[in-house]
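Observations on the three-dimensional arrangement
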Amino acid sequence: MSDPSTEPAEAAFSFLGDGLRLAILRALAEREARAGPREDAMAYSDLRRAVGERDSGKFSYHLGKLTGRFVEKTPEGYRLREPGRETVRLLERGVVDGDADLDAAPVAARCPLCDARVRVTYGDHHLFACCSECAGLFGADECPEGTVTGIVLPPAVVEDLDPTPLFERAHRVFERRLRPMFEGVCLECGGEVDGRLRRCPDHDPGPSGICPECETASPLLAELVCETCGRGRVSHPLFGNPGADDVDATGDGTWTGPAVAGDAGGTAAAWDRFGSFLAWTPTAREDGAVAFDPPSGDGQVVVSPDLRVIE
Ligand SMILES: [Zn+2]
Ligand SMILES: [Zn+2]
Ligand SMILES: [Zn+2]
């Protein structure tokens with residue numbers, strides 16, 4: 001495990017209050033960095049040695065502050081409780097204090113709207129894939145110009161990969177994250193996800209390409225929000241939707257396998273699939289469902305207001 005400065009994290013985690021406390025949590029986490037039930041507690045003396053704190057009074061004072069909520073004391077010694085583990089996970093992902101430097105790096109992909117080159121940029125813990133020429137799909141203030149997708153990723157992942165593999169990895173992750181949400185389950189917390197069609201009643205992208213009403217280029221998107229933790233995602237109603245797994249996104253009969261395949265499907269598949277669905281024409285039906293027609297005109301798919309593929 002890396003050991004970046006804990007100072008900015010300290011500010012955010014004021015309830016942890018002291019770098020020594022974070023060092024204790026990290027030392028315990030390193031001990032149990034494996035999946036499954038965690039049996040082995042860490043003896044007091046081993047823990048103090050691992051942290052490297054000479055002042056025993058200071059050490060036991062801070063360990064005592066952590067014990068209860070973050071750390072559990074057992075007859076064999078100390079081990080993390082889940083809030084302690086979650087704190088370390090946040091630190092390791094760089095979610096609290098980290099950032100990554102990535103500015104307008106070109107990737108091997110084309111814009112689904114205008115076929116221009118795509119660039120990735122990173123900000124506010126999102127990897128944005130942006131068109132270099134058109135307005136893209138999302139025009140809200142927090143999106144860089146030309147945003148087609150914005151995917152939450154921790155800085156630790158962004159730092160580790162070159163732009164194109166990063167772009168491909170992000171879109172695979174995006175598609176897989178969406179699937180359980182379309183099924184009504186939040187994988188982050190186990191809560192229930194409310195999924196619905198978001199339709200812009202007065203959609204008018206005009207010459208800018210972005211409608212001022214909904215701040216997107218598309219009149220119709222899927223909105224998925226966890227009712228418990230508030231995690232929200234926006235997608236095309238067919239992309240990431242398990243009900244559309246057997247749908248040929250290109251609509252021209254070239255598709256031959258499941259939407260979310262292993263590596264055999266090619267790692268660029270998720271971006272291509274997302275982009276292909278953008279070319280489908282949505283038509284609202286009287287019952288609130290929306291019919292999507294591929295450019296070829298053959299193979300209509302109907303999505304209910306709560307995002308189920310019903311025809
Ligand atoms: Zn474009
Ligand atoms: Zn609109
Ligand atoms: Zn949740």
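Structural notes on the coordination of the zinc ion (ligand 1)
Tetrahedral coordination by four donors places them ideally at 109.5 degrees to one another around the metal; octahedral coordination by six donors ideally gives 90 or 180 degrees. Within the first shell, the zinc ion (ligand 1) binds the protein through Cys-111 (SG), Cys-114 (SG), Cys-131 (SG) and Cys-134 (SG), at distances of 2.2 to 2.4 Å. Angles of 94 to 116° at the metal separate the four donor atoms of the zinc ion (ligand 1), which places the site in the tetrahedral class. Here the donor residues of the zinc ion (ligand 1) are spaced in sequence according to C-x2-C-x16-C-x2-C. Exposure remark for Cys-131: the relative accessible area of 6% places this residue in the buried category.

Side note on the packing of helix H2 (residues 19-31) against helix H3 (residues 44-51)
If you want to describe how two helices pack, look at the angle between their axes and the distance between the axes. Look at H2 against H3: their axes get within 9 Å of each other, and the N-to-C directions meet at 115°. Put simply, H2 runs roughly perpendicular to H3. Relative to H3, the crossing made by H2 is right-handed. Each of Leu-20, Ala-23, Ile-24, Ala-27 and Leu-28 in H2 lies in contact with H3, whose residues at this interface are Leu-47, Ala-50 and Val-51. Here the residues of the contact of H2 with H3 sort into eight nonpolar, no polar and no charged.

Focus on H2
With 13 residues, H2 ought to run about 18 Å at 1.5 Å a step, and its terminal C-alpha atoms sit 19 Å apart, in line with that. Those residues of H2 that fall on the buried side of the exposure criterion are Leu-20, Arg-21, Leu-22, Ile-24, Leu-25, Arg-26, Ala-27, Leu-28 and Ala-29.

Rules used throughout
- Residues numbered from 1 in each chain as written.
- Chains lettered and ligands numbered in written order.
- Predicted model: local features only at pLDDT ≥ 70, side-chain atom pairs only at ≥ 80, totals over all residues.
- Heavy atoms only, no water.
- Donors = N, O, S within 2.8 Å, 3.2 Å for Na, K, Ca; no water.
- Tetrahedral: all angles 85-135°; square planar, octahedral: opposite > 155°, others 65-115°.
- Buried < 20%, exposed > 50% of the residue type's maximum accessible area, 1.4 Å probe, protein only.
- Axes fitted to C-alpha atoms, helices over the stretch in contact; angles between N-to-C directions.
- Helix = DSSP H or I, 4+ residues; strand = E, 2+ residues; numbered from the N terminus.
- Parallel < 35°, antiparallel > 145°, perpendicular 65-115°, else oblique.
- Left-handed = near helix turned anticlockwise from the far one by under 90°.
- Contact = heavy atoms within 4.5 Å.
- Nonpolar A, V, L, I, M, F, W, Y, C, P; charged D, E, K, R; others polar.
- Expected span 1.5 Å × (residues − 1).

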